[in-house]
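Observations on the model geometry
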Amino acid sequence: MILLGELALWIALPIGIWGAVAGFVGGRKGRGDLVLSAEYSVYAVFFLLILTSAGIITAFLTDQFQYWYVANYSNRELPTFYKVSGLWAGQRGSLVLWALLLSLFSSAAVFTNRTKNREFVPYMVGVLLTVSSFFLVVLLFADVNPFERLPFAPADGRGLNPQLQNYWMTIHPPTLYLGFTAFTVPFAFAMSALLSGKLDARWIVITRRWILLSWFFLANGIIFGMRWAYEMLGWGGFWFWDPVENASLLPWLTATAFLHSIQIQENRGMLKVWNMGLVTLTFLLTIFATFLTRSGLIESVHTFAENTTIAFIFLAFMGIMAGISVLLIAWRYPLMKSENQIQSFLSRESAFLFNNLILLGATFTILWGVLFPLITEGITGQAMTVGPPFFERVNLPIGLALLALMGIGPVIAWRKASRRNLIKNFTTPVAVGAVVVAGLYLRGVHHGMALVTFGLSAFVMTVIIVEFVKGTKARASIEGEGHLLAFFHLVSRNRRRWGGYIVHVGVVMVFTAFAGAAFDREVVQTLDPGETISIESPFGHEYTLTYQGLSSPRGQNMVRQAVALMTVEKDGRPFGSLTAEKRLYRMWEQSPLTIVGIRQTLMEDLYLILENVNDLGGAFENEAQAQRATFEVQVNVMVEWIWYGGFIVTLGSIIGLWPSRGSPTTTASRSQTGGKRPALAARS
Amino acid sequence: MRDNGKFFVGFGGVALVVTYLIWTGVSDTMLYYLTPMELMARVAEDPTFHDVGVKVSGRVEVGSWTRAEDELLHHFTVVDLEDKSVRFPVEFRDMLPDTFNDTDVVDVVVEGRFREDGVFEATVVLAKCGSRYEATAEELLG
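Comments concerning the overall build of chain B
Helix and strand content of chain B: four helices and seven strands. Its helices and strands in sequence order give chain B the pattern α-β-α-β-β-β-β-β-β-α-α, from N to C terminus. Going through the 142 residues of chain B one by one, you find that 46% of them count as buried. Taking all contacts inside chain B whose residues are at least 6 apart in sequence as the whole, residues at least 24 apart take part in 47%.

What about the packing of helix 18 (residues 495-516) of chain A against helix 20 (residues 640-657) of chain A?
Residues and elements named next belong to chain A. Interhelical geometry of helix 18 versus helix 20 gives an angle of 170° and a closest axis separation of 7 Å. If you check the angle between helix 18 and helix 20, you find them roughly antiparallel. Side by side, helix 18 and helix 20 meet where R495, G499, I502, V503, V505, G506, V507, M509, V510, T512, A513 and F514 of the first sit next to W641, I642, Y644, G645, G646, I648, V649, L651, G652, S653, I655 and G656 of the second. Residue composition of the contact of helix 18 with helix 20, by class: 15 nonpolar, eight polar and one charged.

Notes on the environment of F120(B)
Residues and elements named next belong to chain B. Counting through the fold element by element, F120 comes out in strand 7 (residues 120-129). The spatial distance from the C-alpha of F120 to the C-alpha of T24 is 27 Å, given a sequence separation of 96 residues. Once residues lying within four places of it in the same chain are set aside, the contact partners of F120 are L39, V54, V56, F88, P89, V90, E91, V110, E111, G112, R113 and F114.

Quick word on the sheet that holds strand 7 (residues 593-595) of chain A
Residues and elements named next belong to chain A. As summarised here, the arrangement of the five strands in space is 3-4-5-6-7, forming an open sheet in which the pairing is antiparallel. For this open sheet the edge positions go to strand 3 (532-536) and strand 7, each flanked by a neighbour on one side alone. Neighbour to neighbour, the strand axes of the sheet diverge by 25° on average, direction disregarded. Bridge analysis of strand 4 (residues 542-551) against strand 5 (residues 558-570) gives eight bridges, and the strand direction is antiparallel. Across the sheet, Y543 pairs through a bridge with K570, a residue of strand 5.

Concerning the interface of chain A and chain B
Counting from both sides, the interface comprises 65 residues of chain A and, opposite them, 52 residues of chain B. Both faces combined, the contact of chain A with chain B buries some 5100 Å², and carbon together with sulfur accounts for 59% of it. Taken together, the connections running from chain A to chain B amount to two salt bridges. Here D28(B) makes a salt bridge to R393(A), at a shortest N to O gap of 2.9 Å. The tally of links from chain A across to chain B stands at ten residue pairs in polar contact (both at pLDDT 80 or more). Of all the elements in the fold, those that place two or more residues in the side of chain A that touches chain B are helix 3 (68-73), helix 13 (348-380), strand 1 (384-385), helix 14 (388-408), strand 2 (521-527), strand 7 and strand 9 (604-613) of chain A. Considering every element that reaches the side of chain A that touches chain B, the biggest residue donor is helix 13 of chain A, with nine residues. Considered class by class, the residues forming the side of chain A that touches chain B number 37 nonpolar, 22 polar and six charged. Here two bridges tie strand 1 of chain A to strand 1 (residues 31-34) of chain B, and the two strands are oriented antiparallel to one another. Residue pairing in the sheet places T385(A) in a bridge with L31(B) of strand 1 of chain B.

What to know about the environment of Q625(A)
Residues and elements named next belong to chain A. Mapping Q625 onto the fold places it in the loop between helix 19 (616-620) and strand 10 (629-637). The exposure class of Q625 is exposed, given its relative accessible area of 72%. For the pair formed by Q625 and D528, sequence separation is 97 residues and the distance between their alpha carbons is 9.9 Å.

Remarks on the nonpolar core
Residue and element names in this part refer to chain A. One finds F135, W203, W215, M276 and F314 to be the most contacted residues of the largest nonpolar core, which totals 202 residues. At 19 residues, helix 9 (residues 202-233) tops the list of elements feeding residues into this core. If you look at the next biggest cluster of nonpolar residues, it comprises 27 residues, including L527, A562, L578 and L584.

What to know about the pairing of strand 3 of chain A
Residue and element names in this part refer to chain A. Going residue by residue along strand 3, you find I533 and I535 tucked away on one face and T532, S534 and E536 left uncovered on the opposite face. As judged from the five bridges shared by strand 3 and strand 4, these two strands associate in the antiparallel manner. When the sheet's bridge partners are listed, I533 is paired in strand 4 with L545.

So, the sheet that holds strand 9 of chain A
Residue and element names in this part refer to chain A. Strands sit in the order 2-10-9-8 across an open sheet of four strands; the sheet is antiparallel. Of all strands in the sheet, those bounded by a partner on one side alone are strand 2 and strand 8 (597-600). Mean inter-strand twist for the sheet, computed between neighbouring axes without regard to direction, equals 15°. Examined bridge by bridge, strand 2 and strand 10 share seven bridges and lie antiparallel to one another. Counterpart to T526 in the pairing with strand 10 is T630.

Looking at the pattern of salt bridges
Under the criterion given, the structure shown has 29 salt bridges over all chains. Close ionic contact of R496(A) with E266(A) constitutes a salt bridge, the shortest N to O distance being 2.9 Å. Here the residue R496(A) occupies a position in helix 18, and E266(A) occupies one in helix 10 (residues 243-268), the gap between them amounting to 230 residues. Using a relative accessible area of 25% as the deciding quantity, one classes E266(A) as partly exposed. Several salt bridges share partner residues, and in doing so they unite D51(B), E91(B), R113(B), R115(B), D117(B) and E121(B) into one network.

What to know about the domain arrangement of chain A
Accessible area lost upon the coming together of the parts is a frequently used measure of interface size. All names here are of chain A. If you check the domain split of chain A, you get domain 1 (1-164), domain 2 (166-391), domain 3 (396-518 + 648-657) and domain 4 (521-641). In this assembly, seven residues from domain 2 lie in contact with twelve residues from domain 4. Of the roughly 750 Å² buried at the junction of domain 2 and domain 4 (both faces included), carbon and sulfur atoms supply 57%. Summed over the shared surface of domain 2 and domain 4, the number is zero salt bridges. Connecting domain 2 to domain 4 are three residue pairs in polar contact (both at pLDDT 80 or more).

Quick word on the packing of helix 14 of chain A against helix 16 (residues 448-479) of chain A
All names here are of chain A. Close contact between helix 14 and helix 16 brings their axes to 8 Å; oriented N to C, the two are set at 20°. In terms of orientation, helix 14 lies roughly parallel with respect to helix 16. Both helix 14 and helix 16 take part in a crossing whose hand is left-handed. When helix 14 is examined against helix 16, the residues L396, L400, L403, A404, M406, G407 and I408 are found in contact with a partner set consisting of M449, V452, T453, L456, S457, F459, V460 and V463. Taken together, the residues of the contact of helix 14 with helix 16 break down into twelve nonpolar, three polar and no charged.

Some details on unusual backbone geometry
Residues and elements named next belong to chain A. Backbone geometry places R415, a non-glycine residue, at a positive phi of 60°. Mapped onto the secondary structure, R415 falls in the loop between helix 14 and helix 15 (419-442). Residue R415 is classed as partly exposed on the basis of its relative accessible area, which comes to 44%. You will see that N622, though not glycine, has its phi angle at about 65°, which is positive. Position of N622 among the secondary structure elements: in the loop between helix 19 and strand 10.

Section: a nonpolar patch on the surface
Residues and elements named next belong to chain A. A grouping of M1, L4, L7 and I11 is seen on the molecular surface, where their side chains present a nonpolar patch of about 350 Å² in accessible area. In this structure, M1 sits in the segment before helix 1 (2-29). With a relative accessible area of 46%, M1 lands in the partly exposed category.

Thresholds applied
All residue numbers refer to positions counted from 1 along the written sequence of the respective chain. The lettering of chains begins at A and the numbering of ligands begins at 1, in the order of writing. Where totals are concerned, whole chains, interfaces and linings use all residues; where local detail is concerned, this predicted model gives features only for residues with pLDDT of at least 70, and gives and counts side-chain atom pairs only at 80 or more. Hydrogen atoms and water are omitted, and side-chain values are computed over all heavy atoms in the structure. Elements are defined by DSSP. Helices are runs of H or I of four residues or more, strands are runs of E of two residues or more, and each kind is numbered from the N terminus. Buried residues are those whose accessible area, probed at 1.4 Å on protein chains only, stays under 20% of the maximum for their type, while exposed residues exceed 50% and partly exposed ones sit between those limits. Should any heavy atoms of two residues lie within 4.5 Å, those residues are counted as being in contact. Between the N-to-C directions of two axes lies an angle of 0 to 180 degrees, each axis being a line fitted to C-alpha atoms and, for a helix, fitted only over the stretch in contact. In this scheme, roughly parallel covers angles under 35 degrees and roughly antiparallel covers those over 145, while 65 to 115 is roughly perpendicular and the rest are oblique. When residue character is reported, Ala, Val, Leu, Ile, Met, Phe, Trp, Tyr, Cys and Pro are called nonpolar, Asp, Glu, Lys and Arg charged, and the others, Gly included, polar. By the convention used here, strands pair only if DSSP detects at least 2 bridges between them. Two parts placed together each lose some accessible area under a 1.4 Å probe, and adding up what both lose gives the buried area. When a carboxyl oxygen of Asp or Glu lies within 4 Å of a side-chain nitrogen of Lys or Arg, that pair is called a salt bridge. For the purposes of these results, a polar contact is taken to be a pair of N or O atoms within 3.5 Å, where, inside protein, one atom must be able to donate a hydrogen and its partner to accept one; residues adjacent in sequence count only when each atom of the pair is a side-chain atom. Among buried residues, the Ala, Val, Leu, Ile, Met, Phe, Trp, Tyr and Cys ones that are joined through side-chain atoms within 4.5 Å form a nonpolar core. These domain boundaries are the output of an automatic or database domain assignment. If you view the pair so one helix is near and one far, a crossing is left-handed when the near helix is turned anticlockwise from the far one by less than a right angle, and right-handed when it is turned clockwise. Like-charged residues are merged into a patch within 9 Å and nonpolar side chains (Val, Leu, Ile, Met, Phe, Trp, Tyr) within 5 Å, provided each residue has over 30% relative accessible area and no salt bridge. Residue exposure ignores everything except the shown protein chains as possible cover, and the areas themselves are Shrake-Rupley values with a 1.4 Å probe.

As structure tokens, then:
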């Protein structure tokens, strides 16, 4: 199985290259046989990469430590779950996963377009297989072959970094990769539209579900990463503006911009060049994100290892793709004339445009911050850095402006908003926002930026709720339906719009949670068993934690644990218990891992960290004297809103993604091609 | 693009604001990123450098880490990666990351101020177990 996997990797490359060439040549010359061959190549590469991944997973599951990759990321006692996720634990395997997911989405794109949109297919396949082939070349020739063998077979592997032995960490990278790779499909369609000269909104209509799919995976991937950081890495923090975190945020920001700007092109025939630019930029940023993780160019807790070969190959690839895209856009520029112009600053076009500009502004500031050490070293010879204070300062006003636009965009009129439109739609939300700010201020919330955030959040929420209520009422009275049924029909008839609003609700919740962090509290104290720590939450609750002492069990793949037990009282009543630990994992015996205890409630989390045990060695040996320990107790405000917000974003995205029966796109293209699979649509 | 005179006005406005934010953000928060050797050279040249926030990358000296009893206060020594004789003590009042230790090869980035008494007062410590990341064949043998 392992050998088969290795063989499959080698076979996949020539097939990928052949398919890419066949796609481009077939498209150019109108050769249906070549195009068909290219499409089969997509499926073939997918199948071969399944074999490759299965080979790697088999090597992990059967402890084949003669393979360098397995020896570095696994050990015998590692739980099976983490052996399977070994596929993406390190750089080599995660490149395989990337290629696998890309080929999965490529196959899905080819399959769903087997009988429609045929005029786009040849070049789309060409682009998709070009990107796949690039990753295969990297895997085989950049010194990162996952099947590299050692000259001997070590008795045991070096184990998986304990920080990665966490549920969220196993799903965070694949989810991000799903988002990154899914975006290659819209990019491929866009390039195909440029090459074939079919530059109306068709390519956008075809790919908007793909764009949303990619966006949805990126959003979830980022949130899973925050969850992991909150539980494992940050001891209460969830975002550190680390270069690699930032790199995952960049394509999400531009994809968000793109999701909005395509609506202007669809509705008003504007921004065609802009959209081409955005789709290209987002694609390049997905590659940049892997590049940053893999090249070790910029120091980060996430980077795998320095590998200059990879850095060079990725840079060259990004440069070539960027160059070709820009040339194509320049070549087709005359075909992308705008059909309309912006009539007023007070219009939905304008609100969407500002949303785009601000999102790009955020992208640029983050990119600037990430690359700042390189830029300064290049120019002055002395590296300078910027850290979280920079990112927070710059992105706070940007984030607030976006939040405001999120309330304005959905209800302001297209073309030119009348005075009536403005008054009708904004009086109530603005009033609610103002009342919330005033109410909070009177209740003693005096943090300026948090107040602004809460006020804007209330404004946006009111806008959305009013829209839902109005829509439901209108439908109920026109169709004579009950309100619940009317609501259901309202959403299902225009899933994209209402799904989008639901996504907005989720995003607003996440923003609110960020503002809540301004009110976090913490206490540090050293205790003997029987002693207590008290902390008062910003909501006025009094938590008292009584230290019950340490125990030292031994979990799977661990040498020892030191588990501290605390009983908790909230406002004088029993509130269960919390444990916090130090764990010593096998193969990682010099670095104990800190495991926090979290008691989650809707408005505040009680968060317990076992900071230090005075005699940790003794505690691991279960010695009665070794009990004295230092704890940190935090109250983290509204963190749960991030996870709930993420859940609502997911819900809204699924509503938007759900295929609607008889959508205009599919019927239109079916009737064009007569529902049969044509050998090839007319050449451009 | 005939259509978008206003577009460009908006673009210019947003670009100006973003530039302003970046400019002030950078000038107020940027830090020197130095090696221990460069840090020593700087302070020798210009004593006011003691008051400037800096970020320094180096390696934790094996066996140099001590921790105050019952208190969140750590001391350890950072050495230069190239010239092992260049070193300075670090004082840090917070929780150290799990990846930090003084028995293995640990690379650190410390952020803070190099005080006049020769102690580096760190506000942020990032640690990376250099040797733990990926091992070569020889290391796996051993």
